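Per-entry structural report
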Amino acid sequence: AHFESWEAYAARVNAAAEGAAPCFQTSQAWQDMATLDTLARTAAVGMVCSLAFATACMLLVTQQWRLTFFATLTIAAIVISLVAAYVLMGRTLGFMESVNLAVVSGLAVDYTLHIAHVYQHSRERSRLARTQEALGVIGVSIASGAATTLPAPSLLF
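Below you will find a few notes about this structure. Bear in mind the structure is a predicted one, so any value in this text is a computation, not a measurement.

Structural notes on the pattern of salt bridges
- Counted under the stated rule, the structure contains two salt bridges.
- Residues Arg41 and Asp37 are paired through a salt bridge, measuring 3.1 Å at the closest nitrogen-oxygen approach. With Arg41 and Asp37 both in helix H2 (residues 28-62), this residue pair falls four residues apart, about one helical turn.
- What makes Asp37 partly exposed here is its relative accessible area of 44%.
- Among the ionic pairs, Arg91 bridges to Glu97, the shortest N-O distance being 2.4 Å.
- When its relative accessible area of 45% is taken as the criterion, Arg91 is described as partly exposed.
- Judged by relative accessible area, Glu97 falls into the buried class, the value being 6%.

Below is the structure:
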């Protein structure tokens, strides 16, 4: 909003100043704002595209609508939870938040599809037993991956 009002002001000044060099604005803040705007748009598009692609791939591979629906719902819930956490913490969508959304949506797709795959190929009869087997088989790997991934950013400081 501020950028557009300054641009309109510069246009009015340029229209009124005949024969003078044109007036223009420049600021690092405007460049940062354009970058953050692009990051926000690409983060949203990336999340929607990855969710759609994951859903299509899972449906193609498993050919099970119900499993695909619940896996997609799980992935969406994970990403929405992260966005809700940002809102509750009062954070705005900056560079780190955009990167985090891309990484979390990718990990959510990866881990959820692995669990769904083990669930689908389970030889157990009941849904509870299949779920327990899927979490028992692949859950340990996911927990181990999370245990090594979570402290990794601390080395960046």
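Here the narrative resumes.
Overview of H2
- Compared with the 51 Å implied by 1.5 Å per residue over 35 residues, the 50 Å span of H2 between its first and last C-alpha is a close match.
- For H2, the secondary structure elements touched by its buried residues are helix H1 (2-16), helix H3 (65-88) and helix H4 (95-120).
- Directly beyond the C-terminal end of H2, a positive phi value near 55 degrees is found at Gln63.

Some thoughts on H3
- With 24 residues, H3 should cover 34 Å at 1.5 Å per step; its first-to-last C-alpha distance of 34 Å lies within 8% of that length.
- Along H3, the positions that sit buried rather than exposed are Leu67, Thr68, Ala71, Thr72, Ile75, Val79, Leu82 and Tyr86.
- Packed against the buried residues of H3 are H2 and H4.

A look at empty space enclosed by the protein
- The final tally for this structure, using the stated rule, is one cavity of 30 Å³ or more.
- Lining the largest cavity we find Leu51, Ala54, Thr55, Met58, Ala71, Thr72, Ile75 and Leu113.
- Looking at the lining of the largest cavity, the elements that each hand over two or more residues are H2 and H3.
- Counting residues per element, the lining of the largest cavity draws most heavily on H2, which supplies four residues.

Some remarks on the packing of H2 against H3
- At a minimum axis distance of 9 Å, the contact between H2 and H3 shows a crossing angle of 160 degrees. Classified by the interaxial angle, the pair formed by H2 and H3 is roughly antiparallel. Crossing handedness for the pair H2 and H3: right-handed. Contacts from Met47, Leu51, Thr55, Met58, Leu59 and Thr62 in H2 reach Trp65, Leu67, Thr68, Ala71, Thr72, Ile75, Ala76 and Val79 in H3.
- Residue classes in the contact of H2 with H3 are distributed as 10 nonpolar, four polar and no charged.

The rules behind each value
Residues numbered from 1 in each chain as written. Predicted model: local features only at pLDDT ≥ 70, side-chain atom pairs only at ≥ 80, totals over all residues. Heavy atoms only, no water. Salt bridge = Lys/Arg side-chain N within 4 Å of Asp/Glu carboxyl O. Helix = DSSP H or I, 4+ residues; strand = E, 2+ residues; numbered from the N terminus. Buried < 20%, exposed > 50% of the residue type's maximum accessible area, 1.4 Å probe, protein only. Expected span 1.5 Å × (residues − 1). Contact = heavy atoms within 4.5 Å. 1 Å grid on protein atoms, 1.4 Å probe; cavity = no way out; pocket = protein on both sides within 12 Å on 5 of 7 lines; lining within 4 Å. Points joined across faces, edges and corners; volume = space filled by probe spheres on them. Axes fitted to C-alpha atoms, helices over the stretch in contact; angles between N-to-C directions. Parallel < 35°, antiparallel > 145°, perpendicular 65-115°, else oblique. Left-handed = near helix turned anticlockwise from the far one by under 90°. Nonpolar A, V, L, I, M, F, W, Y, C, P; charged D, E, K, R; others polar.

Remember, this is a structural readout, not a statement about activity or role.
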